[in-house]
Amino acid sequence: MTKNLYQTDSYLKEFEARVTGVDAENRGVALDESAFYPGGGGQPADGGSLTIAGVVYPVKRAKKVGDEVYHYLEGESPLPAVGAQAKGEIDWEKRYKLMRTHTAMHILCGVIFRDYGASVTGGDMDPLEGRMDFEFETMHHELVAQIERAVNAEIAKAREIRVAILPREEAFKIPDLIRTKINLLPEGIKQVRTVEIVGLDLQADGGTHVKNTSEVGKVRVVDYKSKGKINKRIYIAVE
Ligand SMILES: [Zn+2]
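Let me begin by describing the structure that accompanies this report. Keep in mind that this is a model prediction, so the values were computed, not measured. (Residues numbered from 1 in each chain as written. Predicted model: local features only at pLDDT ≥ 70, side-chain atom pairs only at ≥ 80, totals over all residues. Heavy atoms only, no water.)

Some thoughts on the sheet that holds strand 9 (residues 120-126)
Thought 1: The sheet built from 4 strands is open, its strands ordered 9-10-15-14 with antiparallel pairing. In this open sheet, the two edge strands, each paired with only one partner strand, are strand 9 and strand 14 (219-226). Taken over all neighbouring pairs, the strand axes of this sheet differ in orientation by 20 degrees on average, direction set aside.
Thought 2: Examined bridge by bridge, strand 10 (residues 129-135) and strand 15 (residues 231-238) share 7 bridges and lie antiparallel to one another. By the bridge assignment, Met132 is partnered in strand 15 with Ile234.
Thought 3: The sheet strands contacting helix 2 (residues 141-156) are strand 14 and strand 15, and the helix crosses strand 14 at an angle near 145 degrees. (Pairing = 2+ DSSP bridges. Helix = DSSP H or I, 4+ residues; strand = E, 2+ residues; numbered from the N terminus. Axes fitted to C-alpha atoms, helices over the stretch in contact; angles between N-to-C directions. Contact = heavy atoms within 4.5 Å.)

Things to note about the coordination of the zinc ion
Thought 1: Looking at the zinc ion, one finds its protein donor set to be His102 (NE2), His106 (NE2), Asp205 (OD) and His209 (NE2), positioned 1.8 to 2.5 Å from the metal centre.
Thought 2: Angles of 86 to 136 degrees at the metal separate the 4 donor atoms of the zinc ion, which places the site in the irregular class.
Thought 3: In primary-sequence terms, the residues that donate to the zinc ion follow H-x3-H-x98-D-x3-H. On the criterion of sequence distance, the pair formed by His106 in helix 1 (residues 92-116) and Asp205 in the loop between strand 13 (201-204) and strand 14 is long-range, its members being 99 residues apart.
Thought 4: By relative accessible area, His106 is classed as buried at 4%. (Donors = N, O, S within 2.8 Å, 3.2 Å for Na, K, Ca; no water. Tetrahedral: all angles 85-135°; square planar, octahedral: opposite > 155°, others 65-115°. Buried < 20%, exposed > 50% of the residue type's maximum accessible area, 1.4 Å probe, protein only.)

Some remarks on helix 2
Thought 1: The terminal C-alpha atoms of helix 2 lie 23 Å apart, and with 16 residues this matches the ideal 22 Å at 1.5 Å per residue to within 8%.
Thought 2: Listed in full, the buried residues belonging to helix 2 are Leu143, Val144, Ile147, Ala150, Val151, Asn152, Glu154 and Ile155.
Thought 3: With its phi angle positive at about 50 degrees, Ala158 sits one or two positions after the end of helix 2. (Expected span 1.5 Å × (residues − 1).)

Looking at helix 1
Count 3.6 residues to each turn of an α-helix, and residues three or four apart come out pointing the same way.
Thought 1: Between the first and last C-alpha of helix 1 there are 35 Å, a value that for 25 residues agrees with the 36 Å anticipated at 1.5 Å per step.
Thought 2: Here helix 1 starts with a cap whose side-chain oxygen sits 3.4 Å from the backbone nitrogen of Glu93, and that cap is Asp91.
Thought 3: Just downstream of helix 1 lies Gly117, where phi reads positive at about 65 degrees. (Polar contact = N/O pair within 3.5 Å; in protein donor to acceptor, adjacent residues only side chain to side chain.)

Some words on the pairing of strand 15
Thought 1: With 7 of its 8 residues buried, strand 15 lies for the most part within the structure.
Thought 2: Examined bridge by bridge, strand 14 and strand 15 share 7 bridges and lie antiparallel to one another. Bridged to Ser226 within strand 15 is Lys232.
Thought 3: Hairpin connection between strand 14 and strand 15: a loop of 4 residues separates the two successive antiparallel strands, and Gly228 in this loop has a positive phi of roughly 115 degrees.

Considering the pattern of salt bridges
Thought 1: Under the counting rule described, the total for this entry stands at 14 salt bridges.
Thought 2: Of the charged contacts in the structure, one is a salt bridge between Glu142 and Arg149, with a shortest N-O distance of 3.5 Å.
Thought 3: Glu142 sits in the partly exposed class, given a relative accessible area of 42%.
Thought 4: In the salt-bridge network here, residues are joined through shared partners; they are Arg114, Asp115, Glu154, Lys157 and Arg159. (Salt bridge = Lys/Arg side-chain N within 4 Å of Asp/Glu carboxyl O.)

As for the sheet that holds strand 11 (residues 161-167)
Thought 1: One open sheet holds the 3 strands; their spatial order is 11-12-13, and the pairing between them is antiparallel. The open sheet terminates on both sides in strands that have one partner only, identified here as strand 11 and strand 13. Geometrically, the sheet is characterised by an average inter-axis angle of 20 degrees between neighbouring strands, direction not taken into account.
Thought 2: Pairing geometry for strand 11 and strand 12 (residues 191-197), over 7 bridges, is antiparallel. In the strand pairing of strand 12, Val163 is matched with Val195.
Thought 3: Across the sheet, helix 1 lies against strand 11, strand 12 and strand 13, angled at about 115 degrees from strand 13, the strand it touches most.

Quick notes on the packing of aromatic side chains
Thought 1: Under the counting rule described, the total for this entry stands at 6 aromatic pairs.
Thought 2: Between Tyr11 and Trp92 the ring centres are 6.1 Å apart and the planes differ by 45 degrees, which places this aromatic pair in the tilted class. A residue pair is termed long-range when its members are at least 10 positions apart, and Tyr11 in the loop between strand 1 (3-4) and strand 2 (14-23) and Trp92 in helix 1 qualify at 81 residues.
Thought 3: Classification of Tyr11 by relative accessible area gives partly exposed; the value is 22%.
Thought 4: Note on Phe15 and Phe36: the rings are 6.0 Å apart at their centroids and 80 degrees apart in plane angle, and the pair reads as edge-to-face. Of the two residues, Phe15 is situated in strand 2 and Phe36 in the loop between strand 4 (33-34) and strand 5 (48-52); the sequence distance between them amounts to 21 residues.
Thought 5: Each residue in the set Tyr11, Trp92 and Tyr96 is aromatic and connected to the rest through ring pairs, giving one cluster. (Phe/Tyr/Trp six-rings, centres within 6.5 Å; stacked < 30°, edge-to-face > 60°.)

In C-alpha coordinates:
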(Lines give C-alpha, C1' and ligand atoms only; values in the text may rest on other atoms or scores of the structure.)
Protein backbone atom coordinates (compact mmCIF):
# COMPACT_ATOMS: atom_id res chain seq x y z
CA MET A 1 0.00 0.00 0.00
CA THR A 2 1.48 3.36 -1.05
CA LYS A 3 1.44 6.19 1.49
CA ASN A 4 0.18 9.25 -0.39
CA LEU A 5 2.44 12.06 0.78
CA TYR A 6 0.55 14.76 -1.17
CA GLN A 7 -2.51 14.19 1.04
CA THR A 8 -0.84 15.83 4.01
CA ASP A 9 1.69 18.06 2.18
CA SER A 10 0.66 19.20 -1.28
CA TYR A 11 3.82 21.38 -1.52
CA LEU A 12 6.19 18.39 -1.34
CA LYS A 13 8.23 18.35 -4.58
CA GLU A 14 10.88 15.71 -3.77
CA PHE A 15 10.84 12.58 -1.64
CA GLU A 16 12.70 9.34 -0.90
CA ALA A 17 10.97 5.98 -1.23
CA ARG A 18 11.48 2.26 -1.79
CA VAL A 19 10.40 0.26 -4.84
CA THR A 20 7.69 -2.22 -3.77
CA GLY A 21 6.52 -3.52 -7.14
CA VAL A 22 7.49 -3.61 -10.80
CA ASP A 23 5.09 -4.02 -13.74
CA ALA A 24 7.60 -4.89 -16.47
CA GLU A 25 5.07 -4.97 -19.30
CA ASN A 26 3.94 -1.38 -18.75
CA ARG A 27 7.22 -0.08 -17.25
CA GLY A 28 5.38 0.72 -14.02
CA VAL A 29 7.06 1.04 -10.63
CA ALA A 30 5.17 1.05 -7.29
CA LEU A 31 6.67 2.85 -4.29
CA ASP A 32 6.04 2.53 -0.53
CA GLU A 33 5.34 6.28 -0.44
CA SER A 34 4.91 8.91 -3.11
CA ALA A 35 4.19 12.60 -3.64
CA PHE A 36 2.90 11.92 -7.17
CA TYR A 37 -0.82 12.60 -7.54
CA PRO A 38 -2.27 9.55 -9.31
CA GLY A 39 -5.19 11.37 -10.95
CA GLY A 40 -8.83 11.44 -9.91
CA GLY A 41 -11.65 13.84 -9.03
CA GLY A 42 -11.06 15.75 -12.26
CA GLN A 43 -7.39 16.49 -11.47
CA PRO A 44 -4.89 14.97 -13.94
CA ALA A 45 -2.03 12.77 -12.68
CA ASP A 46 1.46 14.13 -12.02
CA GLY A 47 4.54 13.47 -14.10
CA GLY A 48 8.14 14.02 -13.06
CA SER A 49 11.10 11.71 -12.54
CA LEU A 50 12.47 8.88 -10.39
CA THR A 51 16.20 8.49 -9.81
CA ILE A 52 17.14 4.94 -8.89
CA ALA A 53 20.73 3.63 -8.62
CA GLY A 54 22.04 6.61 -10.58
CA VAL A 55 19.54 6.24 -13.43
CA VAL A 56 17.09 9.11 -14.02
CA TYR A 57 13.76 7.75 -15.28
CA PRO A 58 11.29 10.30 -16.63
CA VAL A 59 7.81 9.55 -15.22
CA LYS A 60 5.07 10.04 -17.80
CA ARG A 61 2.29 9.81 -15.22
CA ALA A 62 1.30 8.12 -11.97
CA LYS A 63 -1.78 5.96 -11.55
CA LYS A 64 -3.53 4.22 -8.69
CA VAL A 65 -3.72 0.43 -9.05
CA GLY A 66 -5.57 -1.01 -6.05
CA ASP A 67 -3.86 0.51 -2.99
CA GLU A 68 -0.59 1.20 -4.81
CA VAL A 69 0.56 4.18 -6.85
CA TYR A 70 2.39 3.09 -9.99
CA HIS A 71 4.79 5.44 -11.77
CA TYR A 72 5.08 4.77 -15.51
CA LEU A 73 8.63 5.22 -16.75
CA GLU A 74 9.67 6.52 -20.14
CA GLY A 75 12.85 5.53 -22.00
CA GLU A 76 14.60 2.21 -22.45
CA SER A 77 16.74 1.98 -19.29
CA PRO A 78 16.52 -1.42 -17.56
CA LEU A 79 13.84 -1.41 -14.85
CA PRO A 80 14.86 -1.21 -11.18
CA ALA A 81 14.53 -4.11 -8.75
CA VAL A 82 12.01 -4.39 -5.92
CA GLY A 83 13.65 -3.04 -2.76
CA ALA A 84 15.72 -0.38 -4.55
CA GLN A 85 15.83 3.14 -3.08
CA ALA A 86 14.30 5.84 -5.25
CA LYS A 87 14.36 9.61 -5.21
CA GLY A 88 11.20 11.09 -6.67
CA GLU A 89 10.65 14.53 -8.07
CA ILE A 90 7.32 15.76 -9.38
CA ASP A 91 6.87 18.16 -12.31
CA TRP A 92 6.20 21.06 -9.97
CA GLU A 93 5.42 23.67 -12.61
CA LYS A 94 2.50 21.63 -13.91
CA ARG A 95 1.38 20.52 -10.43
CA TYR A 96 1.33 24.02 -8.97
CA LYS A 97 -0.81 25.23 -11.88
CA LEU A 98 -3.19 22.35 -11.15
CA MET A 99 -3.27 23.23 -7.43
CA ARG A 100 -4.24 26.81 -8.30
CA THR A 101 -6.82 25.59 -10.84
CA HIS A 102 -8.27 22.98 -8.47
CA THR A 103 -8.61 25.60 -5.74
CA ALA A 104 -10.28 27.99 -8.20
CA MET A 105 -12.87 25.27 -8.92
CA HIS A 106 -13.65 24.99 -5.19
CA ILE A 107 -14.06 28.76 -4.94
CA LEU A 108 -16.44 28.62 -7.91
CA CYS A 109 -18.46 25.81 -6.25
CA GLY A 110 -18.54 27.66 -2.95
CA VAL A 111 -19.66 30.95 -4.50
CA ILE A 112 -22.35 29.36 -6.66
CA PHE A 113 -23.78 27.37 -3.77
CA ARG A 114 -23.68 30.35 -1.38
CA ASP A 115 -25.15 32.91 -3.82
CA TYR A 116 -27.53 30.76 -5.91
CA GLY A 117 -27.98 27.50 -3.98
CA ALA A 118 -26.88 25.54 -7.04
CA SER A 119 -25.02 22.25 -6.64
CA VAL A 120 -22.17 21.02 -8.78
CA THR A 121 -22.79 17.90 -10.86
CA GLY A 122 -19.38 17.36 -12.46
CA GLY A 123 -16.10 18.91 -13.43
CA ASP A 124 -12.75 18.47 -15.10
CA MET A 125 -9.50 20.45 -15.29
CA ASP A 126 -6.20 20.96 -17.02
CA PRO A 127 -3.42 23.27 -15.85
CA LEU A 128 -4.94 26.80 -15.67
CA GLU A 129 -8.29 25.83 -17.18
CA GLY A 130 -11.34 24.06 -15.85
CA ARG A 131 -14.98 23.38 -16.50
CA MET A 132 -17.80 22.65 -14.08
CA ASP A 133 -21.43 21.68 -14.43
CA PHE A 134 -24.06 23.13 -12.10
CA GLU A 135 -27.76 22.55 -11.55
CA PHE A 136 -28.85 25.87 -13.01
CA GLU A 137 -32.01 26.45 -15.02
CA THR A 138 -30.69 29.49 -16.85
CA MET A 139 -27.27 30.98 -17.41
CA HIS A 140 -26.66 34.29 -19.09
CA HIS A 141 -23.97 36.86 -19.61
CA GLU A 142 -24.81 39.10 -16.64
CA LEU A 143 -25.01 36.13 -14.25
CA VAL A 144 -21.64 34.86 -15.47
CA ALA A 145 -20.09 38.31 -14.90
CA GLN A 146 -21.53 38.34 -11.34
CA ILE A 147 -20.08 34.91 -10.64
CA GLU A 148 -16.66 35.96 -11.94
CA ARG A 149 -16.64 39.06 -9.72
CA ALA A 150 -17.66 37.03 -6.66
CA VAL A 151 -14.93 34.42 -7.30
CA ASN A 152 -12.22 37.08 -7.58
CA ALA A 153 -13.51 38.78 -4.43
CA GLU A 154 -13.02 35.50 -2.52
CA ILE A 155 -9.48 35.21 -3.90
CA ALA A 156 -8.76 38.77 -2.74
CA LYS A 157 -9.97 37.87 0.78
CA ALA A 158 -6.95 35.55 1.10
CA ARG A 159 -8.96 32.78 2.73
CA GLU A 160 -7.02 29.98 4.40
CA ILE A 161 -7.43 26.43 3.07
CA ARG A 162 -7.30 23.61 5.63
CA VAL A 163 -6.98 19.90 5.00
CA ALA A 164 -8.09 17.32 7.58
CA ILE A 165 -8.34 13.54 7.65
CA LEU A 166 -11.33 12.45 9.78
CA PRO A 167 -12.83 9.13 10.82
CA ARG A 168 -15.79 8.33 8.57
CA GLU A 169 -18.38 8.65 11.39
CA GLU A 170 -17.13 12.11 12.30
CA ALA A 171 -17.14 13.36 8.71
CA PHE A 172 -20.68 12.09 8.20
CA LYS A 173 -21.88 14.41 10.98
CA ILE A 174 -20.75 17.57 9.14
CA PRO A 175 -23.85 19.06 7.42
CA ASP A 176 -21.82 20.81 4.69
CA LEU A 177 -20.31 17.49 3.63
CA ILE A 178 -23.65 15.75 3.39
CA ARG A 179 -24.82 18.15 0.70
CA THR A 180 -21.74 17.25 -1.38
CA LYS A 181 -22.94 13.65 -1.53
CA ILE A 182 -20.41 12.26 0.95
CA ASN A 183 -22.98 9.49 1.55
CA LEU A 184 -21.96 8.03 -1.82
CA LEU A 185 -18.50 7.14 -0.46
CA PRO A 186 -17.96 3.37 -0.55
CA GLU A 187 -18.51 1.48 2.75
CA GLY A 188 -14.89 0.36 2.91
CA ILE A 189 -13.53 3.90 3.24
CA LYS A 190 -12.82 4.41 6.94
CA GLN A 191 -11.28 7.87 6.75
CA VAL A 192 -12.44 10.95 4.89
CA ARG A 193 -10.11 13.72 3.77
CA THR A 194 -11.74 17.11 3.88
CA VAL A 195 -10.64 20.31 2.17
CA GLU A 196 -12.03 23.52 3.64
CA ILE A 197 -11.79 27.03 2.25
CA VAL A 198 -12.41 28.65 5.60
CA GLY A 199 -15.69 30.57 5.50
CA LEU A 200 -16.64 29.49 1.99
CA ASP A 201 -16.51 25.81 1.05
CA LEU A 202 -16.02 22.38 2.60
CA GLN A 203 -15.72 19.17 0.60
CA ALA A 204 -14.57 15.58 0.88
CA ASP A 205 -11.72 15.58 -1.58
CA GLY A 206 -8.55 13.68 -2.45
CA GLY A 207 -6.85 16.30 -4.63
CA THR A 208 -4.15 18.92 -4.16
CA HIS A 209 -4.91 22.57 -3.41
CA VAL A 210 -2.97 25.72 -2.48
CA LYS A 211 -2.99 26.83 1.18
CA ASN A 212 -4.48 30.29 0.65
CA THR A 213 -6.91 31.59 -1.98
CA SER A 214 -4.54 34.49 -2.71
CA GLU A 215 -2.22 31.99 -4.48
CA VAL A 216 -4.83 31.23 -7.13
CA GLY A 217 -4.30 34.41 -9.17
CA LYS A 218 -7.10 35.84 -11.27
CA VAL A 219 -10.05 33.76 -12.51
CA ARG A 220 -11.90 34.54 -15.70
CA VAL A 221 -15.11 32.86 -16.83
CA VAL A 222 -14.28 32.29 -20.49
CA ASP A 223 -17.43 30.53 -21.68
CA TYR A 224 -20.65 28.82 -20.63
CA LYS A 225 -23.13 26.52 -22.29
CA SER A 226 -26.26 24.53 -21.64
CA LYS A 227 -25.81 20.81 -21.03
CA GLY A 228 -29.52 20.06 -20.77
CA LYS A 229 -32.53 21.53 -18.98
CA ILE A 230 -31.01 21.76 -15.51
CA ASN A 231 -27.28 21.47 -16.22
CA LYS A 232 -25.16 24.46 -17.23
CA ARG A 233 -21.43 24.26 -17.86
CA ILE A 234 -19.05 27.05 -16.89
CA TYR A 235 -15.52 27.28 -18.32
CA ILE A 236 -12.83 29.12 -16.37
CA ALA A 237 -9.25 30.22 -17.01
CA VAL A 238 -6.74 30.96 -14.24
CA GLU A 239 -4.22 33.72 -14.86
ZN1 LIG B 1 -10.83 19.46 -4.83
